[in-house]
Amino acid sequence: MRKGASTHDDMLIIYPDNKGTPVKAIYFDNEGHILNYAISYSDSSIDLLHEQKQSFPGFRLTYSKLNNKTVNVKFEISYPQKPGDFKPYLEVSV
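Report on the accompanying structure. (Residues numbered from 1 in each chain as written. Predicted model: local features only at pLDDT ≥ 70, side-chain atom pairs only at ≥ 80, totals over all residues. Heavy atoms only, no water.)

### Let's talk about the pattern of salt bridges
So the rule is basically this: Throughout this description, the term salt bridge denotes a Lys or Arg side-chain nitrogen within 4 Å of a carboxyl oxygen of Asp or Glu. A run of H or I in DSSP counts as a helix once it spans at least four residues, and a run of E counts as a strand once it spans at least two, with each numbered from the N terminus. Residue burial is assigned from relative accessible area. The probe radius is 1.4 Å, only protein chains are included, and a residue is buried under 20% of its type maximum, exposed over 50%, and partly exposed in between.
As enumerated under the stated definition, the model contains two salt bridges in all. The salt bridge involving E76 is made with R60; its shortest N-O contact spans 2.8 Å. Residue E76 is found in strand β6 (residues 71–78), and its partner R60 is found in strand β5 (residues 58–65); the two are separated by 16 residues along the sequence. Classification of R60 as partly exposed rests on a relative accessible area of 27%. A salt bridge links D85 to K87; its shortest N-O distance comes to 3.5 Å.

And the structure:
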């Protein structure tokens, strides 16, 4: 590995409720982060909202369909001082 290079591994598991509707997700990474998300969705987007706890940031991950070949992915953070006030952290189209 080159000096300064790093690896970041992520895993997101989406699972259904008792009725079979995908409404929850759990995220893991190799830095020890574990995030539980509630899911909401429409025909063109999927929103994953992390439950913000006191003195910890909250997170929102949104996948939005731009066209038949492209999806926009936006990751936002809400800091403990302003819960629910999400600010973009990373945004990319794939």
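### What about a nonpolar patch on the surface?
To be explicit about the condition: Every patch collects residues that have over 30% relative accessible area and no salt bridge, joining them within 9 Å if they carry like charges and within 5 Å if they are nonpolar side chains (Val, Leu, Ile, Met, Phe, Trp, Tyr). All accessible areas in this document rest on Shrake-Rupley with a 1.4 Å probe, and a residue is counted as covered only by the protein chains that are shown.
Among the surface-exposed residues, M11, I13 and Y15 lie close enough to one another that they form a single nonpolar patch of about 270 Å² accessible area. The topology assignment puts M11 in strand β1 (residues 10–16).

### What about the layout of surface pockets?
Rules: Every definition here rests on a 1 Å grid over the protein atoms only: cavities are sets of points where a 1.4 Å probe fits but cannot get out, pockets are open sets enclosed by protein on both sides within 12 Å along at least five of seven lines, and lining residues have some atom within 4 Å of a point. Grid points are joined across faces, edges and corners, and a volume is the space filled by probe spheres set on the points. Polarity classes work like this: nonpolar for Ala, Val, Leu, Ile, Met, Phe, Trp, Tyr, Cys and Pro, charged for Asp, Glu, Lys and Arg, and polar for all others, with Gly in that last group.
Volume-wise, the largest pocket comes out at about 510 Å³. The element best represented in the lining of the largest pocket is β6, accounting for four residues. In this structure, the second largest pocket spans a volume of roughly 260 Å³. For the second largest pocket, the lining is made up of 14 residues, of which L35, N36, H50, E51 and K53 are closest to its centre. For the lining of the second largest pocket, the secondary structure elements donating two or more residues are β3 (34–41) and β4 (45–50). The biggest single contributor to the lining of the second largest pocket is β3, with five residues. Split by residue class, the lining of the second largest pocket holds nine nonpolar, two polar and three charged.

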